[in-house]
Amino acid sequence: MSVSRRQFLATSGVLVAGTWVPDWTEAFQQAGAGKDAVRAEVAEAALARATALGASYADIRINRYRRESIATRERQVQNVSRSTSYGLGLRVLVNGAWGFAATNLVNAGAARTAAEQAVAIARANAALATRKVVLASADKAVSTWTSAFTRDPFEVPLDTKIGFLMKLNETALGVTGVSFVSSQILFVDEQKYFASSEGSRITQRLVRTYPQFSTTAADRSSGDFQTRAVVDRAKLLGYEYVEDYPWLQDAEKAGHEVVEKLKSKPVASGRYDIVVDPSQLFLAIHESVGHSTELDRALGWEANMAGTSFVKPTDAGKLRFGSKIVNLVGDRTQPGGLATTGYDDEGVKAERWHIVRDGMFVDWQTTRELAPLVGQQRSHGCLHADDWSSVPFPRMPNVSLEPAATEVSLAHLFSEIKRGLFIEGRGVSSIDQQRYNFQFGGAVIREIRDGKLGAMVKDAAYQSRTPDFWASCDGVGGPATYRLWGTSADGKGEPGQTNAVSHGCPPARFRNITVLNTAAL
Amino acid sequence: MLTRDEALKICETVLAHVKSAGADDAMVSLQNAIESHARFADNSITTSGRSEDVDITVTVWVGGRRGAITGNDAGADALKRISEEAVQIARVSPVHREYVPTLGPLDYPAARGFAAATAEVDLAARAAALQSALTACRTAKVNGAGFHTARATATAAATAHGNRRYFQTSHADMSVTARSADGTGSGYYAGDHFDLARLDAKRIAEQAVGKAVRSQQPKAIEPGVYPVILEPQAVSDLMGFLNNALDARTADEGRSAFSGKDGKTRLGEPLFHPQINLYSDPMHPELPAVPATNEGIPAARLSLIKGGVLENLTYARYWAQQRKLQPTPGPVNFIMESAAPPVSMDDMIKATPRGLLISRFWYVRLVDPRTIVLTGLTRDGLWWIDKGRISHPVRNLRFNQSVLAMLAPWNVQAIGAPQRLSPFMVPALKLGSFTFTSISDAI
């Protein structure tokens, strides 16, 4: 882009320079964020009432969520919106059964009412329980934790953010053949206060930045069109992520890619050796490993919605999950990870642990309720609720594939392939309810011929079965090829909740995988 | 729940604040919801809760610039704060090029589809309903998992140009998944209604249990192209993708399944079987909906597909203005039905020499928007039909199938009676061919 940012703003309708909304931060603070004394008083009222009514355990989350969203298409801003949501959610254990109540009224009276409602719900349901809830022990924590960021996105002027998106759009539209560009950026600020009847008191702040965009090329004469979406880049970072990452380079690349995609030849269905880039492999890890190793699924607790798992509750230490070079870790401490936190939503300190070691499945994702059910004394800290009004339940940590111990380049992975495909970016993903059979697409797919990267193909999707797929993995990239991508809206549970979670990985090679031409079916 | 007067008073307060702060135009919308739910799994209650919230969204325009903010505090100070902040956002935003003045006073039909008792669930009655479902599962020695939820919502909106509206709606639904003890059979059934009293927990559980028992020990068949019968649940699992493609702007821009060649759309083309009708109707007795679109256009019956012909695409206010058309009075729900008398499930099965009976689909995703190719898997009940009778259960399969090809004039063989599966009313369909690409080991 040769147009300067100032010139660009002057021509794009963004005329008010250097301005921001001063009351934004101020109003947020005034409204109660950081007011631990107020929240502590409300929490004490709720916990005391719940305990007095017979709860053997209770915890409360008093959370404020702040979001700012900007959406654009081509050379215009479609929407600038902000939201705040503040409320409390109280969880109680009575006669071994859970009850939960939540309200947007944050005061001692409303908290006591919520405690009464939660206890009544638990009592009414206790007769329906054949298993009484037992919680693994947890350390009492009195702590404050803030995610790492250097520039608070909520203190960055609005026109700076709009200018970024407009320049990104202009860069992609500068590529001949690009018909449409849409881009969005979302900033999320979670200010969480947790208190339990066991004495934990935890204050946390998490800031996430979600940039995404897509380019479309349409051939109006033939009615054909293709899209290249870049939607996996969210991180637990501040506005420095917008400034430091080469977004314009990606936008120009996505422009060229979508134009090439529209003209590319359809893939020939068949068996291929494939190299999957981190921008696609993160999603394969998410679907085939992340969800299959959730213990609540293996126990049947998600049978009515997300499904169960091909991994059985007794499989830890016994099930071969993949080839010996496959090592996967659960990690709620990974820098930048969307599921990274200081403490989970029942006050368990974040940690890192192996889920698959040397190809063997060795451990689960657990909570305080789940851990004892597989004979474990401690939770791995995977309880999460997406809102103050949501019941906390087991959610995925960052689950990441470890790179090779020594440097292995992408070119090296290609070099040992005679006929293959290199798959980048998010395409369509679909997997069965026990996480066996999956079909994943890619945003950009190129041929590999005799070890060299070749032309782009379209309409390709790869299908496999989770244990077969990971068993076929015979190459992973080295530390320098490792990337962390994530998904911002992972759905699970009833009522449905969304979770943001990241997966780090190097590119990896998989042998003899079925590839479909989805347009020829 | 907030009454009409209470809700509109909040809206009016915000309108007054934004006017004082300098807004030229504004819309305030409010949603107050009370939700109660209970989950069970492995034949035991798991989690259960209740929540209540108020969301207030104010959108303002100042000199053609737009700002929007949502908050959940209806206190006097908070209302003033979000009002002023919305104006501040607008002042520093670029000109909103798709601004359409907010609506003035309009008459709306009275909303149907609200049952007051759905707002506050009787805990003892719900426990009894859940117990009946759990008993059905335990008696049949299957593992039951399920979800019961009831929600009541008051929505209100007011604009600077005098539009005022307030609706109450309620929704209750229950679903059960039953899995056989040996892990080889699984069944699912769901029901929903706006009136919690119309939800029959025991019947829903019994349907799921029956499917679990009948689907045990499935046999594998080769992936390929088969005739199929889709139960209404399976049809509803695909319907959203067809409905999403009906947006006029996307079609006009050349990036939808209903975009034609040379910049045209496919309006008026007989793309579907001549007995297929698809429409939206807020007054439908079984599936009443809020009688206004999200933009506030009074909803009325809107025909989308009639006699297999693509009759209408859906126009939001801005795009309608650009095309010099009226915004469409919907959709607010989707009802698919046959122009001919419906065919019963039994008759469909009897008329099938060989094929598959499909209960539902899972993890359905859009593979190719050009022809609405979807992929996904069968789940919770798949059977082989041989010579007009259900023969045996079949292992689950992955499909890759175009919705346009599925509903094409040559592929639809019979259409059943529509069943409420909110926000759809859809029939069972008997189809000549459906493409499966691999086997799934999942039960």
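Fair warning: this is a prediction, and the values are worked out from it, not measured in the lab.

Calculation notes
Residues numbered from 1 in each chain as written. Chains lettered and ligands numbered in written order. Predicted model: local features only at pLDDT ≥ 70, side-chain atom pairs only at ≥ 80, totals over all residues. Core = buried A, V, L, I, M, F, W, Y, C linked by C-beta atoms within 7 Å. Buried ≥ 20, exposed ≤ 12 C-beta atoms within 10 Å, placed from the backbone. Contact = placed C-beta atoms within 7 Å. Axes fitted to C-alpha atoms, helices over the stretch in contact; angles between N-to-C directions. Helix = DSSP H or I, 4+ residues; strand = E, 2+ residues; numbered from the N terminus. Parallel < 35°, antiparallel > 145°, perpendicular 65-115°, else oblique. Left-handed = near helix turned anticlockwise from the far one by under 90°. Nonpolar A, V, L, I, M, F, W, Y, C, P; charged D, E, K, R; others polar. Pairing = 2+ DSSP bridges.

1. Quick notes on the nonpolar core
So, step 1. Leu90(A), Val92(A), Ala118(A), Cys11(B), Val28(B) and Val58(B) are the most contacted members of the largest nonpolar core, which totals 287 residues.
So, step 2. With sequence-adjacent residues up to four places away left out, Val58(B) is seen in contact with Val14(B), Val18(B), Ala26(B), Val28(B), Ala68(B), Ile69(B), Ile82(B), Ser83(B) and Ala86(B).

2. Describing the packing of helix α3 (residues 123–139) of chain B against helix α4 (residues 201–214) of chain B
Residue and element names in this part refer to chain B.
So, step 1. Packing of α3 against α4 leaves a shortest axis separation of 8 Å and a crossing angle of 20 degrees. Between α3 and α4, the interaxial angle falls into the category roughly parallel. In the crossing of α3 with α4, the sense of the turn from one axis to the other is right-handed. Judged by residue contacts, Ala 129, Leu 130, Ser 132, Ala 133, Ala 136 and Cys 137 of α3 engage Ala 201, Lys 202, Ile 204, Ala 205, Glu 206 and Val 209 from α4.

3. Re the interface of chain A and chain B
Frequently, the measure chosen for interface size is the accessible area removed from exposure when the parts meet.
So, step 1. In this assembly, 79 residues from chain A lie in contact with 81 residues from chain B.
So, step 2. Per element, the largest residue contribution to the side of chain A that touches chain B is eleven residues, and it comes from strand β2 (residues 76–94) of chain A.
So, step 3. Residues belonging to the side of chain A that touches chain B are distributed by class as follows: 38 nonpolar, 32 polar and nine charged.
So, step 4. As paired elements, β2(A) and strand β3 (residues 65–71) of chain B share three bridges and run parallel to each other.

4. What about the packing of helix α1 (residues 4–21) of chain B against helix α2 (residues 76–91) of chain B?
Residue and element names in this part refer to chain B.
So, step 1. Remark: α1 packs on α2, axes separated minimally by 9 Å, with the N-to-C direction vectors making an angle of 45 degrees. Here α1 is positioned oblique relative to α2, judged by the angle of their axes. Our pair here, α1 against α2, has a crossing hand that is right-handed. Packed against α1, whose contacting residues are Ile 10, Thr 13, Val 14, His 17, Val 18 and Ala 21, the element α2 presents Leu 79, Lys 80, Ser 83, Glu 84, Ala 86 and Val 87 at the interface.
So, step 2. Taken together, the residues of the contact of α1 with α2 break down into seven nonpolar, three polar and two charged.

5. Description of the sheet that holds strand β11 (residues 352–357) of chain A
Residues and elements named next belong to chain A.
So, step 1. Taken in spatial order, the four strands make up an open sheet running β12-β11-β10-β15, and their pairing is antiparallel. Each of the sheet's edge strands pairs with one partner strand only, and the pair in question is β12 (360–361) and β15 (398–401).
So, step 2. In the sheet, strand β10 (residues 328–331) pairs with β11 via four bridges, with the strands oriented antiparallel. Of the residues in β11, the one forming a bridge with Asp 331 is Arg 352.

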